[in-house]
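Listed here are the chains, written in short residue letters.
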Amino acid sequence: MESCNCIEPQWPAEELLMKYQYISDFFIALAYFSIPLELIYFVKKSAVFPYRWVLVQFGAFIVLCGATHLINLWTFTMHSRTVAIVMTIAKVLTAVVSCATALMLVHIIPDLLSVKTRELILKNKAAELDREMGLIRTQEETGRHVRMLTHEIRSTLDRHTILKTTLVELGRTLALEECALWMPTRSGLELQLSYTLRQQNPVGYTVPIQLPVINKVFSCNRAVKISPNCPVARIRPFAGKYMPGEVVAVRVPLLHLSNFQINDWPELSTKRYALMVLMLPSDSARQWHAYELELVEVVADQVAVALSHAAILEESMRARDLLMEQNVALDLARREAETAIRARNDFLAVMNHEMRTPMHAIIALSSLLQETELTPEQRLMVETILKSSNLLATLINDVLDLSRLEDGSLQLDLGTFNLHAVFWEVLNLIKPIASVKKLPVTLSLAPDLPEYAIGDQKRLMQTILNVVGNAVKFSKEGNISITAFVAKPESLRDPRFPDFFPVPSDSHFYLCVKVKDEGLGINPQDISKLFTKFAQSQSSATGNSSGSGLGLAICKRFVNLMEGHIWIESEGLGKGCTAIFVVKLGILERSNESKHPFMPKVPAIHGQTAFSGLKVLVMDDNGVSRMVTKGLLVHLGCDVTTVSSSDECLRVVSQDHKVVFMDVCIPDGFEVAVRIHEKFTKRHERPLIVALTENTSKVTKENCMRVGMDGVILKPVSVDEMRGVLSYLLEHRVLFEAM
Amino acid sequence: MEVGQMQRTWVEYTKSLFMEGFLDGQFTQLQLLQDESNPDFVVEVVSLFFEDSERLLNDLTRALDQQSVDFKRVDAHVHQLKGSSSSIGAQRVKNACIAFRSFCEQQNSEACLKCLQQVKQEYYLVKNKLETLIRLEQQIVAAGGSVPMEELSF
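Residues numbered from 1 in each chain as written. Chains lettered and ligands numbered in written order. Predicted model: local features only at pLDDT ≥ 70, side-chain atom pairs only at ≥ 80, totals over all residues. Heavy atoms only, no water.

For chain B, the name recorded in an unreviewed UniProt entry is Histidine-containing phosphotransfer protein, with Hevea brasiliensis as its organism. Of chain B, the UniProt comment under Function (unreviewed entry) reads exactly: "Functions as a two-component phosphorelay mediators between cytokinin sensor histidine kinases and response regulators (B-type ARRs). Plays an important role in propagating cytokinin signal transduction." (UniProt positions renumbered as here; feature names shortened; annotations may be inferred.)

Taking an unreviewed UniProt entry as the reference, chain A is identified by name as Ethylene receptor belonging to Hevea brasiliensis. Its UniProt record, at the heading Sequence similarities (unreviewed entry), says of chain A: "Belongs to the ethylene receptor family." Listed in UniProt under the heading Cofactor (unreviewed entry), the comment for chain A reads: "Cu cation".

So this is what it looks like as structure tokens:
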């Protein structure tokens, strides 16, 4: 008995308390063993558990505790020392582990707690984000609605459609009960109900514009909540049982075109607004949300723009219709004008024909008369008649020309012509008249004036003749001087005519002609009228105001056609006047000799020494005549040989002589011509033979032609005539018009 | 007299000659022919004219003095004189010659004589005038001036 190393429990085992302790210990052990199992099971299930080590530790702690309790079961009865030792070991271990666990839990529990807090925060954040998401979505919806609305509104340019569409779409989008638009009346003192959503034909309600509520809305550029009881909102009879829905009003600026002319966006200084009123459904307890208000504001702006576009469109349509009407009217007027011009031209053509026929008779008969034997006085008279009738014929042509000029159908006949010859011819034409009036006429051509030019010879001559003719016509006494020179650009820039910019080039030059007379002069005030058609100076001093008054008008048109300018200067009545005109002429290119077969054979034509070195032979038995003719030809630069008899002539004449001038009044004069023809059979070797005679009868002319002369010149011949004749002769090799 | 005044006198005188019909445009032509290369042209021509005319007038006087007038010869002389005078621009002489010729054709010696007188008269007149003119010109040139041809015309 005494070797039993058992330990006696303190209390007997049969005691009830012990029994309860025994059972409790058993269940505790069970529980303590099952906890780790559960833990392992659930942790295995869950994916994430950061504290495995803790788990292990805790498991160990629990297991040991369970073990302790389990072992405790044996201690209720007599148990051996081994059990006691195991128990002690178990307890010691348990104590160690539990202390370690307790120590670690101090670290771990705050962590675990903070996890929980974080979770809470995240949840809150998620809720917040959800809310915001909802907001954004709503805004985006609003935006979509606005875009759709805008699209609907802007898809039409008709004002009514725009407004109707606005109301309809707004009503739909916002599920409104009623939507109305009040427009300002013409007077601007009232607002009139113009459009509504639900009511088909809004009766003309008007409210005065000065209501405080309206002012409030107009002064703010946002949508404003207004009371449902205010006049603008009481559109329809109140049907709901409870509260009428909330009402919002917004101003719609009515922009005018003038508002868009400033660069920056106008500050809505227009002050004309329409009022848009929107009502939520009554009894719905809906409220206006911020995004809905925003939508309304945006729509109001869009409507304003759309309305102004519509207004602009209406305006432009009206303008286009007006333009079309005007076009039609203009077209008609143009056709009428064309008809009138045609009628006038026809009339003129007929008239001209009628006028020309008798003119031709006069001219023809006068020419014939000129051929007969006449006394000098008679000859002078006939010449004057001829010249006058020619002038008259020219005048008739003028009238026709002028009408053609005005149509713009006249074109210049450009050609190469002898510029100097034009002036000589004008001089010759004007000489008889001037001599009758005893007016000396001088002509001076500048040395650098080209001999040949390209232009319209006939019209240039007409112009010069007209101007000189006027000078003669309006002078009772005094000199008339004609000067012609090449105009320098600086001298041409007349400040009175800033549009005239002569630009000489290599192919063109500007001819300036000045005709100065000391006659009756012109009042400076009348100068501007000079160039108008049919206007005549009514000064009584003029006496016979002959001429239709067309001359200068025609000259001006010709000059303009020649890209030039014409003007008249006068100091006043009785102080004479100067007519100046500048025209553009082409320069004849020396190198293009092949293009101009009429170029004379003599090279290097300059000014007066046109015939330098030209060998000529003069045959005249009258010493004085001979000397004069020689002097004339020498002055022109020719190399002159003189002979006084036909024999001498035949002896001396050679191939070198280009022209032979012979006085046909000497006996055998005609014979000489025949002999010369016999001597020089080839045409280019033979000199040109020109007869000098005082006798201009047809018979003489015929005789000359018969013996093969190339031309006849009437003695006495002037320098200018001789020059003209020589150049013409050398150019054309025949001269039978020079009488 | 200073140059300017002489020139003015010359111009006036010349103009008067034209106005009175002594000279016509042909004389102007002659004056135009006078230039630096030919400074005495007018004087030369005028001198020649004087010579020729005097000779012709003498011939005419002699021819008309004959018992039986050779009108052909007379006509030839008058023709020459007419030619010369027209070449120089002695208008009146020329006109007288033209009248003379028509009477020659008619072979009217009485009238021819009268015409001769006329021609002579005209000739001496114009000779006088021309000599005065030339003297004036020479004076101007001697005084260092130049003859203002450009003031004339025709």
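Caption draft 1: Seen up close, the overall build of chain B. When its secondary structure is counted, chain B shows 6 helices and 0 strands. In chain B, the order of α-helices and β-strands from amino to carboxyl end is α-α-α-α-α-α. Each of the 154 residues in chain B was classed as buried or not, and the buried ones make up 51%. In chain B, the share of contacts with a sequence separation of at least 24, taken over all contacts with a separation of at least 6, comes to 69%. (Helix = DSSP H or I, 4+ residues; strand = E, 2+ residues; numbered from the N terminus. Buried < 20%, exposed > 50% of the residue type's maximum accessible area, 1.4 Å probe, protein only. Contact = heavy atoms within 4.5 Å.)

Caption draft 2: Up close: helix H2 (residues 25–33) of chain B. Here H2(B) lies mainly inside the structure; 7 of its 9 residues are buried. Along H2(B), the residues classified as buried are Gln26(B), Phe27(B), Thr28(B), Gln29(B), Leu30(B), Gln31(B) and Leu33(B). Of the surrounding elements, those touching the buried residues of H2(B) are helix H12 (623–635) and helix H16 (719–732) of chain A together with helix H1 (3–19), helix H3 (41–65), helix H4 (71–88) and helix H6 (109–142) of chain B.

Caption draft 3: Quick peek at the interface of chain B and chain A. Every contact between the two is made by 26 residues of chain B and, on the other side, 26 residues of chain A. In this assembly, chain B and chain A are joined by 0 salt bridges. If you look at where chain B meets chain A, you find 4 residue pairs in polar contact (both at pLDDT 80 or more). Of all the elements in the fold, those that place two or more residues in the side of chain B that touches chain A are H1, H2, H3 and H4 of chain B. Of all the elements, H4(B) adds the most residues to the side of chain B that touches chain A, at 7 residues. (Salt bridge = Lys/Arg side-chain N within 4 Å of Asp/Glu carboxyl O. Polar contact = N/O pair within 3.5 Å; in protein donor to acceptor, adjacent residues only side chain to side chain.)

Caption draft 4: Examining H4(B) more closely. Residue and element names in this part refer to chain B. The end-to-end C-alpha distance of H4 is 25 Å, a good match for the 26 Å that 18 residues give at a rise of 1.5 Å each. Among the 18 residues that make up H4, 15 are buried, leaving the element largely enclosed by the rest of the structure. One or two steps after H4, the chain reaches glycine 89, where phi turns positive at roughly 95°. (Expected span 1.5 Å × (residues − 1).)

Caption draft 5: Inspection of the nonpolar core at higher detail. Counting 68 residues, the largest nonpolar core has Leu633(A), Phe661(A), Met722(A), Leu726(A), Phe27(B), Val74(B) and Phe100(B) as the members making the most contacts within it. With residues near it in sequence (within four places) discarded, Met722(A) still touches Leu632(A), Leu633(A), Leu636(A), Phe661(A), Ile713(A) and Val717(A). Residues Leu460(A), Ile464(A), Val515(A) and Phe581(A) belong to the second largest nonpolar core, which totals 48 residues. (Core = buried A, V, L, I, M, F, W, Y, C linked by side-chain atoms within 4.5 Å.)

Caption draft 6: Geometry of the pairing of strand E1 (residues 178–184) of chain A. All names here are of chain A. Counting buried residues in E1 gives 7 out of 7 residues, a clear majority hidden from the surface. Both faces of E1 are covered, namely the face carrying Glu178, Ala180, Trp182 and Pro184 and the face carrying Cys179, Leu181 and Met183. Here E1 pairs with strand E6 (residues 273–279) via 5 bridges, running antiparallel. Within E6, the residue paired with tryptophan 182 across the bridge is leucine 275. Taken together, the 5 bridges between E1 and strand E2 (residues 190–196) define a ladder with antiparallel strand orientation. (Pairing = 2+ DSSP bridges.)

Caption draft 7: Looking closely at the sheet that holds strand E16 (residues 659–663) of chain A. Residues and elements named next belong to chain A. Spatial strand order, E15-E14-E16-E17-E18: 5 strands in an open sheet with parallel pairing. Every interior strand has two partners, whereas the edge strands, strand E15 (639–643) and strand E18 (711–714), have only one. The mean angle between the axes of side-by-side strands here comes to 25°, regardless of whether they run parallel or antiparallel. Relative to E16, strand E14 (residues 615–619) is paired through 4 bridges, and the arrangement is parallel. Within E16, the residue paired with valine 618 across the bridge is phenylalanine 661. Contacts between H12 and the sheet are confined to E14, E15, E16 and strand E17 (688–693), with E15 contributing the most and set at about 170° to the helix. Across the face of the sheet, helix H14 (residues 669–679) comes into contact with E14, E16 and E17 while running at roughly 160° to E16. (Axes fitted to C-alpha atoms, helices over the stretch in contact; angles between N-to-C directions.)

Caption draft 8: Broad picture of the sheet that holds E1(A). All names here are of chain A. Here 6 strands make up an open sheet; going across it, the order is E3-E2-E1-E6-E5-E4 and the pairing antiparallel. Of all the strands in the sheet, the pair left with one neighbour each is strand E3 (206–208) and strand E4 (224–226). Going from strand to strand, the sheet's axes swing by 30° on average, the running direction of each strand aside. Of the pairings in the sheet, the one linking E2 to E3 comprises 3 bridges and is antiparallel in character. By the bridge assignment for E3, glutamine 192 is matched with threonine 206. Across the face of the sheet, helix H6 (residues 290–371) comes into contact with strand E5 (247–253) and E6 while running at roughly 25° to E5.

Caption draft 9: Focus on the UniProt feature "modified residue: Phosphohistidine" (unreviewed entry) in chain B. What UniProt calls "modified residue: Phosphohistidine" (unreviewed entry) maps, in this numbering, to His79(B). Within the secondary structure, His79(B) sits in helix H4. Take His79(B): its relative accessible area is 18%, and that puts it in the buried class. Leave out the neighbours within four places in its chain, and His79(B) touches Cys665(A), Glu694(A) and Arg101(B).

Caption draft 10: Focus on the packing of aromatic side chains. Scanning the model with the defined rule gives 7 aromatic pairs over all chains in all. On the numbers, 5.1 Å between centres and 50° between planes, the contact of Phe218(A) with Tyr273(A) is tilted. Residue Phe218(A) is found in helix H5 (residues 212–219), and its partner Tyr273(A) is found in strand E6; the two are separated by 55 residues along the sequence. A relative accessible area of 10% places Phe218(A) in the buried class. Classification of Tyr273(A) as buried rests on a relative accessible area of 9%. Their ring planes at 75° and their centres at 6.3 Å tell us that Phe50(B) and Tyr123(B) sit as a pair that is edge-to-face. Taken as a pair, Phe50(B) in helix H3 and Tyr123(B) in helix H6 lie far apart in primary sequence, 73 residues in all. (Phe/Tyr/Trp six-rings, centres within 6.5 Å; stacked < 30°, edge-to-face > 60°.)

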